Amino acid sequence: MSTAVDDDLWSAVGDPTRRRILDLLLTGGNGTATSLSEQLPVTRQAIAKHLGVLDRVGLVHASPAGRERRYRVDEAQLARAVAQLSSVGATWDARLRRIKRIAETIQRGEDQ
């Protein structure tokens with residue numbers, strides 16, 4: 001694999017609520033814990049915790065917005081995550097092709 005996989009990053013993205021938060025932030029450009037909680041069946045406090053996890057791995061960044069913090073997606077970190085996923089996918093595709101070739105070789109040997 002050419003791209004190192006960041007386990008903390010993928011652990012953060014592994015949660016469906018955090019993926020939905022990222023989707024909403026990408027669609028809307030930015031958001032607060034309050035505005036995001038209005039769009040999800042999750043409390044504001046839970047959203048704030050999820051945003052904290054995403055912030056720790058660098059997928060979102062916050063800026064003060066009155067009494068709240070406004071979050072936006074870090075596009076460079078998101079691109080890094082996509083590159084990692086593509087790399088992992090390519091590695092698994094290559095492994096599966098090798099397994100298929102081995103199985104076909106075994107099958108041909110049994111047919112003879």
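Residues numbered from 1 in each chain as written. Predicted model: local features only at pLDDT ≥ 70, side-chain atom pairs only at ≥ 80, totals over all residues. Heavy atoms only, no water.

Undergrad: Can you walk me through the nonpolar core in this structure?
TA: As a rule of thumb, soluble globular proteins bury nonpolar side chains together. Formed by 19 residues in total, the largest nonpolar core has its most connected members in Ile21, Leu25, Leu36, Ile47, Leu51, Leu54 and Leu59. At 4 residues, helix H2 (residues 16–28) tops the list of elements feeding residues into this core. Excluding anything up to four places from it in sequence, Leu59 contacts Leu9, Val13, Leu22, Leu54, Arg72, Val73, Asp74, Gln77 and Leu78. (Core = buried A, V, L, I, M, F, W, Y, C linked by side-chain atoms within 4.5 Å. Buried < 20%, exposed > 50% of the residue type's maximum accessible area, 1.4 Å probe, protein only. Helix = DSSP H or I, 4+ residues; strand = E, 2+ residues; numbered from the N terminus. Contact = heavy atoms within 4.5 Å.)

Undergrad: I tried to follow the pairing of strand E1 (residues 60–65) on my own but got confused; where do I start?
TA: On a regular strand, each side chain points to the face opposite its neighbour's, so the side chains alternate between the two faces of the sheet. Relative to strand E2 (residues 68–73), E1 runs antiparallel, the two sharing 6 bridges. Of the residues in E2, the one forming a bridge with Ala65 is Glu68. Between E1 and E2, which pair antiparallel one after the other, the connecting turn spans 2 residues, and Gly66 there sits at a positive phi close to 65 degrees. (Pairing = 2+ DSSP bridges.)

Undergrad: Please explain the packing of aromatic side chains as it appears in this structure.
TA: What characterises a pair of aromatic rings is the spacing of the ring centres plus the angle enclosed by the ring planes. Counted by the stated rule, this structure contains 0 aromatic pairs. In this structure, Arg95 is placed above the aromatic ring of Trp92, and the distance from its NZ or CZ to the ring centre is 4.6 Å. (Phe/Tyr/Trp six-rings, centres within 6.5 Å; stacked < 30°, edge-to-face > 60°. Lys NZ or Arg CZ within 6 Å of the ring centre and 35° of its normal.)

Undergrad: Before we go on, may I ask you to explain H2 in this structure?
TA: A turn of α-helix holds 3.6 residues, and therefore any two residues three or four places apart point the same way. Between its terminal C-alpha atoms H2 stretches 18 Å, which fits the 18 Å expected from 13 residues at 1.5 Å a residue. Of the positions making up H2, those classed as buried are Arg18, Ile21, Leu22, Leu24 and Leu25. Buried residues of H2 fall within an arc of 165 degrees about the axis and therefore sit on the same side. Pointing more than 90 degrees away from the buried face of H2 are the exposed residues Pro16 and Thr27. In this structure, the buried residues of H2 make contact with helix H1 (7–13), helix H3 (33–37), helix H4 (44–56), E1 and E2. Looking at where H2 begins, the residue whose side-chain oxygen comes 2.8 Å from the main-chain nitrogen of Thr17 is Asp15. Among the residues trailing H2, Gly29 stands out with phi positive, at a value near 90 degrees. (Expected span 1.5 Å × (residues − 1). Arc of directions from axis to C-beta. Polar contact = N/O pair within 3.5 Å; in protein donor to acceptor, adjacent residues only side chain to side chain.)

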